[in-house]
Amino acid sequence: MQVVRTVKYEEELDAGFTNQVASEPGGDAIWNCLQCGTCSAICPVSIYMDKTPRRIIGLIRGGFRDEVLGSLSIWICTSCYACTVECPQQIRITDIMYIAKRMAMKESQYQRFVVPAVEEAFVKMVRKNGRLTESRMGIKVVRKSGLRSGVAMFPIAWRLMRKHRMSLLHVERMQDPASLRAVLDALEPRHAPTAPAAAPSRAAGA
Amino acid sequence: MAEKPKVALYWCASCGGCEEAVVDLAEAILDVVAAVDIVFWPVALDFKVSDVEALPDKAIAVSFINGAVRLSEQKEMVELLRRKSQLVVAFGSCSHLGGIPGLANLWDKASIFDWSYSKAPSMEPGATTRPMTKIQVPEGELELPEFWDTVKSLNQVIDVDYYLPGCPPTPKLIANAVQAILTGKLPPKGAVLAGTKALCSECDLNETKPDKLLIQDIKRVTEVQLDLKKCYLAQGVLCMGPVTRSGCEALCINGGMPCTGCFGPVQESPDYGGKALSFVASIVDLEDPARAQEVLAKVADPTGIFYRYSLPTSKLGRKKMPRRK
Amino acid sequence: MTGYLYYPGCSLKGSGAPYEKSLLAVFSALGQELKEIPDWNCCGATAYLSVDQDMAVAMAARNLAIAEKLDGQDVVAPCSGCYLSLAKAKATLAEYPDVRARVTAALGKASLPYEGRVAVRHPLEVLLTDVGPEVLKKRVTRPLKNLRVAPYYGCAILRPYPGVPSPQAPHSLEDLCRVVGATPVDYPNKARCCGGMLTAGVQSVGLRLVEILLCEAKAADVDAVVTTCPLCQYNLEVYQERICKAKGKDVRLPILYFTQLLGMAFGLDDHALGMDQLLRVPLVAPCAGVKA
Amino acid sequence: MAVVMEPPKEAQEAWEPRIVAFFCNWCTYAASDLAGISRVKYAPNMRIVRVMCSGRIDPSFVLEAFRDGADGVLIGGCNPGDCHYKEGNYKTMRRAMLLSQMLQDLGIEKERFRLDWICASCARELQTTVNHMTADLKRLGPLNWKGV
Amino acid sequence: MNPPAEAPRIGVFVCDCGFNILGVVDVPAVVKFAAALPGVVHAEEYKYMCSDPGQDLIKKAVQEHGLNRVVVASCSPTLHERTFRRVVSEAGINPFLFNMVNIREGVSWVTEDKVQATEKAESLIDAGVRRVTLQEPLEARSEPVNPNVLVIGGGIAGMHASLSLANANRGAKVHLVERQPSIGGNMARFDKTFPTLDCASCILTPKMTEVKIHPNIRLHSYSEVVSVDGYVGNFDVTIEHKPRYINEDLCIGCLKCIEACVFKDARFPNEFDLGLAKRKPIYIPFPQAVPTKVLIDPHDCLYLRLGTCKKTCIDACEKDAIDLEQKPDRVSLKVGTIVVATGFKPFDARRKPQYGYGVLPNVYTALEMERFLSPTGPTEGVPLLQDGRKPETVGIIHCVGSRDKNTNEYCSKVCCMYSLKLAHLIKERTGAEVYNFYIDMRTPGKGYEEFYERLLSEGLKVIRGRVAEVTKAALTRAEKDHLIIRAEDTLAGFVRRIPVDMVVLAVGLEPQSDTQELRRMLNLSCGHEGFLQELHPKLAPVSTATDGIFIAGACQGPKDIPETVAQAGAAASEALSLIHRGVVEIQPYTAVVNEELCSGCKVCIGMCPYDAIGYDEEKRVVHVTEVKCKGCGVCAAACPTGAMDQQHFRKELVMAEIAGVI
């Protein structure tokens, strides 16, 4: 058992963090949170999160930037919007999770974790072909999360292929992916507002 | 009376109806002609402006000026007559309120010329000629008076002593006025020589009105078989009686037509259109907005109907033209 | 012949092939035309939103813009995930002017003006409202009498943009079951998430969610689970073997699409419904070799 | 000269639209009091003239306000059915229908004359109405009827 | 309008109102501006104009400067117009030669920019001064106040108000109208009340009987107010007595008819017990009902529904009180004041499907639990599960429908306390383990926190976490055949799933469903949530914008019984002060016609909903019956010639104000 200092001095926190989140679409009502816990209660995967959704919102309001962007919670969220619908203060918690993910992605703060890597692969493939090919995606997931999981995935892929629901040869592609890229490139990458002179970030919280 | 009082009659932006009205005095005109010395009456007698200028100031006992003021020349003439006359009487709706020509204040010189000289169907397409105030021609320099953007009533140009309302004023009214002037028994300056109350007070059909004057629909005169014995307004036909000054003895109504308001407003409420609109909208007794909108839409042209004779002397006076880029 | 614009989405071209087959079969049987949006692109799903908001919205909005350019008929998105991405893009563009400015400018460059006129709908709602239960019932030739079914909605069709009425207590699948003569069972977790991308990313958590849903369906002793989304169908179907091995519980169950259920009741041919492409087929289906 | 002169540039910036608001005592005036009590801030361009019922507002008052230099006129009354005197606001509604048509005929833009039903507890609605109207008028620029 | 008699000598008094105005408006500059206005001979600033020294300031200034008109620029006229008019008249000036300019609610409280606020204040004062210059002296009219009082709603609020009024009033009648067959309202359904746990019926039944026997109270039970016209001091009220099919004067409440009814078993849901217990077609809502008279439900009674029945009830009744042909009858009466005490309706738990009310077994609302706990309730005081067993574990969920923007955003104030009370009673009666799920335990009243203290020491399990859902999908063996409550224990930091046998939903309080009709009938207004709106939340909590009509209890907003009774007393005293003064001042804002200008066109007559304008045949002009005129001014605006005008709001005054504000 290692004794770790848990108190945070104010200057270690990022005071502007809350408004950063609030200024993004979907983050506007974050200041109204009652900390009532409905979101954590309705969330199907909150029991697997290192910090429950309620605590994430509380941390964002407190300015605990590193704890939030470094947490597992934002990656385990399956965006099923149950919290958004149930929140008595109508805070869009799912959108706030996305905002946190985008910030974490932009500042590559996230720990080495499979979900962000998978999502980055997804984006790359869709940018190239305009559509996703499940088989190729499956391979990428296996590469990212280690060979062991690949072994378990193999029988599934095989049976799907026999049922003509998956194929290694066919690549699902738009006729003219360039027209999609024209749209995407016209949007200069709007990285989430980076933190102002980010406070010296300690090791991510326990 | 050593000398017969001099009288002048002049017409500005006028349809000539007021001149007609004088003639309508029929035999009575003979007494008038006998009693006065007409020194200036362009429509009927060949007097020249120079004749008037030759007269000493205040020489004319009374000038009857009809028609609205729309050209620079008319302004000069009425100012001249003002100088020369002891009394000036605004004769008829145009000089009293701006009259029908006053409705031109919904446009301005540019758009009127644009229509009359280019866009009107009678013009060949692309015609661009415009009237000029000065033009050199072989014979010399020709002049035209300046055409104003805004039509004005007489009292917006010169000081007016009395007003004879009506389009045109009724012969009886004219006779009384002349009589009053000749005998000197005149009300205080600025008075309108007609009734002081609204027309309903002297209209026989007023008794037939139900106590609560409320209508469910508005009909145009052509859309309904009017019961001439009953108040037209109660039958849903727009009659401006309640808001128009009395004095005409309900001439039109006795002729089977609703009053259109040529005698103008009573003293207390100078803006005729605002009051007309208010009472019409108030008596249309409908609470459902859609139904009310549907019926009120039958007042096809509220500005034209409510300000038919009095746009120049209304509170706003004219339309504010959109800025042309 | 009223028509709709059809947005298949990547899954229906892959593991969701039976969904596309049965959808097209059922709609054409009902005389409803489904015109595939020409050169549609991926809706961005949940991944793009984690990378860049504008791009995620633009991805989905491009498809809507193409739909508007055609004749602005309603867009039908069978995959609940795509339905959610398209609806979310439309809502974000309507609510946030600065996002709208940037995205419409970008779409403009690809000469795709976007005004937000087009409606995004799910085929389950289209069938029950535009077509209506009576018309469906008339078309049923082979009522699936003693078929016990667990109606499973998942989350994207319900939240946060309800694709079917009364999102907190949905009943559209139950209504559909009654139309085809099947008996819908009371399935409390019918609106609980199936794990979505988690079954690939964090398998321990994803499989647990799937296990809960399958155990409950098993406990309700049903012949099949009916879903409205290819991702839910994939999760509930392909991991059954692993869960049986790992947890020592028999959770094997056929996982159908509601369009397949309807197609069977219409008496359509099994191949046309992609029944043979399922890993496990309900006994009542002809191709299961056993006559109803 | 009918063409309206453009006010000089810098007057444009310093210029603040002036809204004359006729509020009925029972509903909209009560809402303005509630806005005060709840510190709901709104554009200061509006000046309230209190009357007992929106039905008291004579269209001539509106014409007078525009002639005297108002850039916008707002009438606030109770929702139909809520009038303290049973039916006063129905007359207001009908008069406003004809009046807005007449004002547009006279070149006064539609946004310059508004009739809004604002109930006694609708402080927020009052705030949005005043702010929106002020923004509209800033876009339209001064009416400046004296210059017509 | 005749010109003002003497030259105007106006005094302008600008109030700082502490910092409320001074903080934003540059008052000294405003005073300097006012001093320079035409007609103003004196202008000064003071900290609190409405205070005594402030009022004396005015009187002194009137003397010193010979003022004949006064303008006070301070708060809203709705607050202090009457105060300052009294001061001005005491200083010898006609009270209507006074004008109040609102620069607090109208300016300082709603404007950020100080310069613009000062400019706005100055232009409003300019308008106020121009207006006061043209104002005419008027006399307020006084009307007699009818001593009778109408009280709508026979719950604890209505009963207490009626008793306070009836005890004070020599000879005047209190008409108490109650919609249900018996008075008692929602409180009659409770078993115990917090925080003292004294039994609801023990403190309620004596009051009910007192109401029954009080000579000054005429109880109209099973009746509704149908229409209210008139104004303060003179309301014409029509009440409809719904048919009980029993002659109330004859029935002595012996209840023999109930036994004799053809329906041997009670099969129809009893509304008083929220349908949990059953009753016959002929019934009495609950044993201590007042009046203790039976009634027949026409939807259930065979004869009234189908017209065929042996009518055994009639034979059983010795008093021959049953009259199956009874029709509703209406009675009209005059009252001077009205007290509205119509109470609340509980939030319909079906609007929260996540809690499974009406779907899952053993999920009840708090009101239903009150009936279970009540000795006269369906289970004689011991809450039971549907299978008859006593519950071993019970979960009470707070804030059902309240503090939730998807349903009601407001906090219903009483649910925390009554949930603690229910927890205590359930533990006492069944020995069950009770969990309370709350967001904030709100115990604001006297003895409330101590009550919470007591519950904690009794071992009540409290979990700070708003419940997300109640489900029967068990995940572990222990959860089988239980209702699982899923909530995050935010203090412990864990999401928990707690299996219980029974769930109680602490539903919030909502306005009655027909508040809108009641509001229109009485010319009142409602707040955003739908409760009746008080004149001023702090200064006039039981008065309304309509003089003579007062509100008390939950109809004005969620509150507990102590506060309700306090408000009932307050409403009674407000009504009594009007009654004892005997007269009430009516503002002289009536219409007045200028006969020289009236053409008899009759446009104005149709404008008046109170028929206050008549047509004089000989003079061919209209005339105004001042008593009937309410002073709205609609006729003045419609008059085509300006002959009709409204006192104190004459055309010239409004035109002057317009000129001032621009």
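1. So, the overall build of chain B
Then, number 1: Helix and strand counts for chain B stand at eleven helices and nine strands.
Then, number 2: Computed over the C-alpha atoms, the radius of gyration of chain B is 22 Å, within 12% of the 20 Å expected from 2.2 N^0.38 for a compact globule of 325 residues.
Then, number 3: Along the longest, intermediate and shortest principal axes, the C-alpha atoms of chain B span 65 × 60 × 30 Å.
Then, number 4: Split into buried and exposed, the 325 residues of chain B put 52% on the buried side.
Then, number 5: Restricting the contact set of chain B to residue pairs at least 6 apart, pairs at least 24 apart contribute 74%.
Then, number 6: Put simply, chain B has 36 plus and 39 minus side-chain charges, and the middle of one group is 6 Å from the middle of the other.

2. Some remarks on the overall build of chain D
Then, number 1: Secondary structure assignment for chain D yields five helices and four strands.
Then, number 2: Helices and strands appear in chain D in the N-to-C order α-β-α-β-α-β-α-β-α.
Then, number 3: For 148 residues, the compact-globule estimate of 2.2 N^0.38 gives 15 Å, and chain D sits close to it at 15 Å.
Then, number 4: Considering chain D as a whole, with its 148 residues, one finds that 67% of them fall into the buried category.
Then, number 5: Across chain D, the centroid of the 19 positively charged side chains sits 5 Å from that of the 17 negatively charged ones.

3. Focus on the interface of chain A and chain C
Then, number 1: Listed by partner, the interface residues are 55 residues for chain A and 64 residues for chain C.
Then, number 2: Around 5,400 Å² of area is buried between chain A and chain C when both sides are counted, 64% of it from carbon and sulfur atoms.
Then, number 3: Put simply, chain A and chain C have three salt bridges between them.
Then, number 4: Here K88 of chain C ties to D95 of chain A by a salt bridge, and the two come within 2.7 Å at their closest N and O atoms.
Then, number 5: Connecting chain A to chain C are 25 residue pairs in polar contact (both at pLDDT 80 or more).
Then, number 6: Of all the secondary-structure elements, those providing two or more residues to the side of chain A that touches chain C are helix 5 (73–76), helix 6 (82–86), helix 7 (93–106), helix 8 (114–129), helix 9 (134–145), helix 10 (147–162) and helix 11 (177–186) of chain A.
Then, number 7: By residue class, the composition of the side of chain A that touches chain C is 31 nonpolar, seven polar and 17 charged.

4. Details of the domain arrangement of chain B
All names here are of chain B.
Then, number 1: Domain assignment breaks chain B into domain 1 (6–100 + 151–183), domain 2 (107–148) and domain 3 (199–313).
Then, number 2: Domain 1 and domain 3 are separated by 30 Å when their C-alpha centres are compared.
Then, number 3: Opposite the 15 residues of domain 1 that make contact, domain 3 presents 14 residues.
Then, number 4: Summed over both sides, the interface of domain 1 with domain 3 buries roughly 1,100 Å², with 65% coming from carbon and sulfur.

5. Considerations on the sheet that holds strand 8 (residues 217–220) of chain E
All names here are of chain E.
Then, number 1: The parallel open sheet is built from five strands, whose spatial order is 8-7-6-16-27. With partners counted over all chains shown, the strands left at the sheet margins are strand 8 and strand 27 (549–551), one partner each. The sheet shows a mean angle of 20 degrees between the axes of neighbouring strands, direction not considered.
Then, number 2: When strand 16 (residues 337–340) meets strand 27, the two strands line up parallel, connected through three bridges. Bridge pairing in strand 27 places V339 opposite F550.

6. Considering the interface of chain E and chain D
Then, number 1: Each partner contributes residues to the interface: chain E has 53 residues there, and chain D has 49 residues.
Then, number 2: Summed over both partners, the interface of chain E with chain D buries about 4,400 Å², with 58% contributed by carbon and sulfur atoms.
Then, number 3: Contact with chain D buries surface across chain E, with W109, V110 and I662 of chain E losing the most and accounting together for 14% of the total.
Then, number 4: Between chain E and chain D we count six salt bridges in total.
Then, number 5: Residue D82 of chain D is joined to R520 of chain E by a salt bridge in which the shortest nitrogen-to-oxygen separation is 3.2 Å.
Then, number 6: Linking chain E to chain D there are 21 residue pairs in polar contact (both at pLDDT 80 or more).

7. Topic: unusual backbone geometry
Then, number 1: Geometrically, the link from C167 of chain B to P168 of chain B is a cis peptide bond, its omega value of -5 degrees lying close to zero.
Then, number 2: As for its position among the elements, P168 of chain B is in the loop between strand 9 (162–164) and helix 7 (171–183).
Then, number 3: At the junction of F194 of chain E and P195 of chain E, the peptide bond is cis and its omega measures out at -10 degrees in the coordinates.
Then, number 4: Note that P195 of chain E resides in the loop between strand 7 (174–177) and helix 6 (200–213).
Then, number 5: For A26 of chain B, which is not glycine, the phi torsion reads 55 degrees and is therefore positive.
Then, number 6: Here A26 of chain B shows up in the loop between helix 1 (17–23) and helix 2 (28–35).
Then, number 7: A26 of chain B gets classed as partly exposed once you look at its relative accessible area, which sits at 35%.
Then, number 8: The backbone phi angle of D320 of chain E is positive, close to 50 degrees, even though this residue is not glycine.
Then, number 9: If you trace the backbone, D320 of chain E turns up in the loop between helix 9 (312–316) and strand 15 (329–335).
Then, number 10: Residue D320 of chain E is classed as exposed on the basis of its relative accessible area, which comes to 53%.

8. Observations regarding helix 14 (residues 258–265) of chain C
An α-helix turns once per 3.6 residues; consequently, residues spaced three or four apart project the same way.
Residues and elements named next belong to chain C.
Then, number 1: With eight of eight residues buried, helix 14 lies mostly within the body of the structure.
Then, number 2: Along helix 14, the positions that sit buried rather than exposed are F258, T259, Q260, L261, L262, G263, M264 and A265.
Then, number 3: G267 occupies a position one or two residues after helix 14 and carries a positive phi of about 75 degrees.

9. Overview of the sheet that holds strand 5 (residues 148–151) of chain C
Residues and elements named next belong to chain C.
Then, number 1: Pairing within the open sheet is parallel, and its four strands lie in the order 6-5-7-8. This sheet does not close on itself; its edge strands, each paired only once, are strand 6 (183–184) and strand 8 (255–257).
Then, number 2: Both strand 7 (residues 224–227) and strand 8 contribute to a ladder of three bridges, which runs parallel. When the bridges of strand 8 are listed, T227 appears paired with Y257.

10. A look at the pairing of strand 21 (residues 461–464) of chain E
Residues and elements named next belong to chain E.
Then, number 1: Relative to strand 21, strand 20 (residues 433–438) runs parallel, the two sharing four bridges. Looking at the pairing, F437 lines up with I463 of strand 21.
Then, number 2: Each parallel crossover has a hand, and for strand 20 linked through helix 12 (residues 448–457) to strand 21 it is right-handed.

11. Focus on the environment of K630 of chain E
Then, number 1: Tracing the chain through its elements places K630 of chain E in the loop between strand 31 (621–624) and helix 15 (634–638).
Then, number 2: We classify K630 of chain E as partly exposed; its relative accessible area is 26%.
Then, number 3: Setting aside residues up to four positions removed in sequence, K630 of chain E forms contacts with Y85 of chain D together with Y231 and Y610 of chain E.
Then, number 4: A polar contact of 2.8 Å, which involves the side chain of K630 of chain E, links it to the backbone oxygen of K628 of chain E.

12. Focus: the packing of aromatic side chains
Residue and element names in this part refer to chain E.
Then, number 1: Counted under the stated rule, the structure contains 20 aromatic pairs over all chains.
Then, number 2: Here F84 and F98 contribute two aromatic rings whose centre-to-centre distance is 6.1 Å and whose plane-to-plane angle is 35 degrees, an arrangement assigned as tilted. Linking F84 in helix 3 (residues 77–90) with F98 in strand 4 (residues 98–102), this pair joins segments that are 14 residues apart in sequence. For the pair F84 and F98, one class covers both residues: buried.

Cut-off values and rules
- Residues numbered from 1 in each chain as written.
- Chains lettered and ligands numbered in written order.
- Predicted model: local features only at pLDDT ≥ 70, side-chain atom pairs only at ≥ 80, totals over all residues.
- Heavy atoms only, no water.
- Helix = DSSP H or I, 4+ residues; strand = E, 2+ residues; numbered from the N terminus.
- Rg over C-alpha atoms; globule rule 2.2 N^0.38 Å.
- Buried < 20%, exposed > 50% of the residue type's maximum accessible area, 1.4 Å probe, protein only.
- Contact = heavy atoms within 4.5 Å.
- Lys, Arg positive; Asp, Glu negative; His and termini not counted.
- Charge placed at Lys NZ, Arg CZ, Asp CG, Glu CD.
- Buried area = accessible area lost by both parts, 1.4 Å probe.
- Salt bridge = Lys/Arg side-chain N within 4 Å of Asp/Glu carboxyl O.
- Polar contact = N/O pair within 3.5 Å; in protein donor to acceptor, adjacent residues only side chain to side chain.
- Nonpolar A, V, L, I, M, F, W, Y, C, P; charged D, E, K, R; others polar.
- Domains from an automatic or database assignment.
- Pairing = 2+ DSSP bridges.
- Axes fitted to C-alpha atoms, helices over the stretch in contact; angles between N-to-C directions.
- Right-handed = clockwise from strand over helix to strand, strands pointing away.
- Phe/Tyr/Trp six-rings, centres within 6.5 Å; stacked < 30°, edge-to-face > 60°.

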